[in-house]
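For reference, the chains in residue letters:
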Amino acid sequence: MSEFEKYTAAPAAPAGAASAEERQWGMFGHLASLTGLFTGGVGNIVGPLIIWLVKKDTMPFAADQAREALNFNITLLLLGVVMFVITLVTFGIGAILTVPLGIIIGLAWLALTIIAAMKANEGVAYRYPFAIRLVK
């Protein structure tokens, strides 16, 4: 190993810690849900699902983070369906409650997704506060 390589080589990950590549894929698992902004909401589920399915056998940390993002987005999808039904059942009057609540939930989703991506990139396994863990 040359003198240059000795000082520029990336340090090896400690035993049990996620490698830089795993941390990056873990971050992508969370950020993949942002594709829902451009796909009408479909990407919120499909993005993390694809990363989880591709990495579940090779990168445990990345798969865990993608599964966490998937569960969080499924939870929010279910919540959105419930709020939509409330609005329909009340003939639109429920929108007085569901529209502001939907905006607050949307902003919280964006903030929590960004926080989760940053934590995953640091190698910290992030857990969303209100996710129903349906995918095990």
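Structure first, text after, so check above.
Asker: Help me understand the side chain of His30, please; the structure alone is not making it clear to me.
Answerer: Topologically, His30 is positioned in helix H2 (residues 20–31). Apart from residues no more than four positions distant in its own chain, His30 is found in contact with Gln65, Ala69, Thr113, Ala116, Ala117, Ala120 and Tyr128.

Asker: Is there a simple way to think about the packing of H2 against helix H5 (residues 95–122) in this case?
Answerer: The geometry of a pair of packed helices is captured by two quantities: the angle between their axes and the separation between those axes. Contact geometry of H2 with H5 gives a least axis separation of 7 Å together with a crossing angle of 170 degrees. One element, H2, and the other, H5, form an angle in the roughly antiparallel class. Along the contact surface, H2 presents Arg23, Gln24, Gly26, Met27, His30 and Leu31, while H5 presents Thr113, Ala116, Ala117, Ala120, Asn121 and Glu122.

Asker: I'm lost on the environment of Ala120 in this one. Help?
Answerer: Inspection of the secondary structure puts Ala120 in helix H5. Given the relative accessible area of 0%, Ala120 is considered buried. Put simply, Ala120 and Ala66 are 54 residues apart on the chain and 9.9 Å apart in space, counted from C-alpha to C-alpha. Excluding its chain neighbours within four sequence positions, the residues that come into contact with Ala120 are Arg23, Gly26, Met27, His30, Phe61 and Gln65.

Asker: Would you take a moment to explain the packing of H2 against helix H4 (residues 60–89) for this structure?
Answerer: Orientation of H2 relative to H4, taken along the N-to-C sense of each, is 10 degrees, at an axis distance of 8 Å. Accordingly, the angle class assigned to the pair H2 and H4 is roughly parallel. Facing Glu22, Arg23, Trp25, Gly26, Gly29 and His30 of H2, the residues of H4 in contact are Pro60, Phe61, Ala62, Gln65, Ala66 and Ala69. Its residues assigned to classes, the contact of H2 with H4 comprises 6 nonpolar, 4 polar and 2 charged.

Each value, and the rule that gives it
- Residues numbered from 1 in each chain as written.
- Predicted model: local features only at pLDDT ≥ 70, side-chain atom pairs only at ≥ 80, totals over all residues.
- Heavy atoms only, no water.
- Helix = DSSP H or I, 4+ residues; strand = E, 2+ residues; numbered from the N terminus.
- Contact = heavy atoms within 4.5 Å.
- Axes fitted to C-alpha atoms, helices over the stretch in contact; angles between N-to-C directions.
- Parallel < 35°, antiparallel > 145°, perpendicular 65-115°, else oblique.
- Buried < 20%, exposed > 50% of the residue type's maximum accessible area, 1.4 Å probe, protein only.
- Nonpolar A, V, L, I, M, F, W, Y, C, P; charged D, E, K, R; others polar.

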